[in-house]
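Coordinates in review
Now for the letters of each chain:
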Amino acid sequence: MAEARPTLIFKSKPMQEIDELINAMAPSDANALIVGESGVGKEVIANAIHARSRRAEKPMVKLNCAAFPQTMIEGELFGYVKGAFTGAMHDFPGMIAAADGGTLFLDEISDMPAELQTRFLRVLQEREYRPLGSTQTMKADFRAIASSNRPIPQAIAENRLRSDLYYRLNTFQIEVPPLRKRKQDIPVLIAAFVRQFAQQLGKPEPDIAPEAFQKLLDYSWPGNVRELQNAIEYAVVLARQGMIGVKELPTEIQLPAALQQAEIAGKPRSGVQSLDDVERTAIIQALAECHGNKKKAAELLGIQRPTLYNKMKRYAIQL
Ligand SMILES: Nc1ncnc2c1ncn2[C@@H]1O[C@H](COP(=O)(O)OP(=O)(O)OP(=O)(O)O)[C@@H](O)[C@H]1O
Ligand SMILES: [Mg+2]
């Protein structure tokens, strides 16, 4: 599958540093581990490492360990010969072979079954492997890049990532900060995505109204760059008369900042909450659901509007 490989777009200091690290380490054959929340751009970074390496003309092969049925990962990775197991109707070379001379990207490494992690570590050490059911040893020539959206100490503590494999992959660790911690990247990402989707839709590039732009800057982006990209696609589709206003943004981004926190706080938490917390959360959720309409929120909560105003004041809920 020939996918468009987007270039890394950034402006912030931490991303500049990552870009410099990629430049420094890409030409070597060193393994890399890329860590960060979902949607921060781990795959874009893996692509950049490959593209800036001496392996760039060879394939970059990606195995998503989370999306693949665990029982099939072994065969996908190592390949198999006809008859190696029920259903192996023909020889299959596998991804290590497909990545020959290039880069193997193991996405979500902590979702790889433990015993397979051990086998894979052996391939990294010995630089050879055997397809399932085969007696023939094959040379493994690939650079390994792995990703994890779980913090590494946690993945190791939960026995999801074998520490010996981790040390082997961790020659270079790239920690990608969430978008909310590098807001300087937001404007350049917006500009690139507006251009991209306007082109795709065959529309002229819309402008963004200042209030809408401010909303995009203020939002906390729990889904990181992927969420921003989706939001801009949505906005470009809805843009009218060449303009993206607040109304053309997805509703969660339109919400005032106080309500966005509520969306996060509203997720089930462990432990007992105080009644005040419960009440505060219920009010914020009602307001969020009613898009800030206090009359409707009061109805939803079964209280009078003045009572709602009092409680909002008491809990310092500002719209
Ligand atoms: N710095 C960036 N420049 C351009 N596009 C980016 C950047 N970061 C992320 N993107 C885009 O955002 C989307 C998500 O990025 P990517 O798939 O690399 O994230 P991820 O960290 O691998 O997420 P997940 O953990 O969910 O797999 C992609 O469409 C990607 O093209
Ligand atoms: Mg990814």
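Residues numbered from 1 in each chain as written. Chains lettered and ligands numbered in written order. Predicted model: local features only at pLDDT ≥ 70, side-chain atom pairs only at ≥ 80, totals over all residues. Heavy atoms only, no water.

1. Thoughts on the environment of Ala97
Among the secondary structure elements, Ala97 is positioned in helix α4 (residues 95-98). Along the sequence, Ala97 and Ala192 sit 95 residues apart, while their C-alpha atoms lie 36 Å from each other. (Helix = DSSP H or I, 4+ residues; strand = E, 2+ residues; numbered from the N terminus.)

2. Comments concerning helix α8 (residues 185-201)
For α8, with 17 residues, the first-to-last C-alpha span of 24 Å sits near the 24 Å given by 1.5 Å per residue. Listed as buried for α8 are Asp185, Ile186, Leu189, Ile190, Ala192, Phe193, Val194, Phe197 and Ala198. Against α1 (13-25), β8 (207-208), α9 (210-218) and α10 (224-238) lie the buried residues of α8. Two residues or fewer after α8 comes Gly202, characterised by a positive phi angle close to 60 degrees. (Expected span 1.5 Å × (residues − 1). Buried < 20%, exposed > 50% of the residue type's maximum accessible area, 1.4 Å probe, protein only. Contact = heavy atoms within 4.5 Å.)

3. What to know about the nonpolar core
Of all hydrophobic cores here, the largest spans 31 residues; its most connected members are Leu77, Ile96, Leu104, Leu106, Ile109, Phe120 and Phe142. With five residues, helix α5 (residues 114-126) is the largest single contributor of residues to this core. Contacts of Ile96, omitting those with residues within four sequence positions, involve Leu77, Phe78, Leu104, Val123, Tyr129, Ala140 and Phe142. (Core = buried A, V, L, I, M, F, W, Y, C linked by side-chain atoms within 4.5 Å.)

4. Side note on the side chain of Asn224
Within the element layout of this structure, Asn224 appears in helix α10. Given the relative accessible area of 0%, Asn224 is considered buried. In terms of polar contacts, Asn224 uses its side chain to reach the side chain of Glu37, at 3.1 Å. When near neighbours in sequence (up to four residues on either side) are disregarded, Asn224 contacts Glu37, Ser38, Gly39, Val40, Pro178, Leu179 and Arg180. (Polar contact = N/O pair within 3.5 Å; in protein donor to acceptor, adjacent residues only side chain to side chain.)

5. Digging into the pattern of salt bridges
The final tally for this structure, using the stated rule, is 21 salt bridges. Lys62 is the salt-bridge partner of Glu43, the closest N and O atoms lying 2.9 Å from each other. Taken as a pair, Glu43 in helix α2 (residues 42-51) and Lys62 in strand β2 (residues 60-64) lie far apart in primary sequence, 19 residues in all. Its relative accessible area of 34% is what places Lys62 among the partly exposed residues. Taking the shortest distance from any N to any O, the salt bridge between Arg195 and Glu205 comes out at 3.9 Å. Placement of Arg195 in helix α8 and of Glu205 in the loop between α8 and β8 is noted, with a sequence separation of ten residues between them. Judged by relative accessible area, Arg195 falls into the partly exposed class, the value being 42%. When salt bridges that share partners are traced, they join Asp29, Arg54, Arg55 and Asp141 into one network. (Salt bridge = Lys/Arg side-chain N within 4 Å of Asp/Glu carboxyl O.)

6. Comments concerning the environment of Phe85
As for its placement among the helices and strands, Phe85 is situated in the loop between α3 (70-78) and α4. Accessibility expressed as a relative area gives 38% for Phe85, which makes it partly exposed. For the pair Phe85 and Gly133, spaced 48 residues apart in sequence, the C-alpha to C-alpha distance is 7.9 Å. In this structure, Phe85 is in contact with Tyr80 and Leu132, ignoring residues within four places of it in sequence.

7. Some details on the site of ligand 1
The immediate surroundings of ligand 1 are formed by 18 residues, with Ile9, Ser38, Gly39, Lys42 and Gln229 found nearest. Gly41 places a polar main-chain atom, nitrogen or oxygen, 3.1 Å from an oxygen atom of ligand 1. One nitrogen or oxygen atom from the side chain of Lys42 is found 2.7 Å from an oxygen atom belonging to ligand 1. Look at ligand 1: alone it shows 630 Å² of surface, and the protein chains cover 87% of it. (Near = heavy atom within 4 Å. Areas by Shrake-Rupley, 256 points an atom, 1.4 Å probe, with all protein chains shown as cover.)

8. Focus on the packing of helix α13 (residues 275-289) against helix α14 (residues 294-301)
Where α13 contacts α14, the two axes come as close as 8 Å, and the packing angle between them is 130 degrees. With respect to α14, the axis of α13 lies oblique. Regarding α13 and α14, the two cross each other, and that crossing is right-handed. For the pair formed by α13 and α14, the contact residues are Ala282, Ile283, Ala286, Leu287 and Glu289 on the first element and Lys294, Ala297, Leu300 and Leu301 on the second. Class assignment for the residues of the contact of α13 with α14 results in seven nonpolar, no polar and two charged. (Axes fitted to C-alpha atoms, helices over the stretch in contact; angles between N-to-C directions. Parallel < 35°, antiparallel > 145°, perpendicular 65-115°, else oblique. Left-handed = near helix turned anticlockwise from the far one by under 90°. Nonpolar A, V, L, I, M, F, W, Y, C, P; charged D, E, K, R; others polar.)

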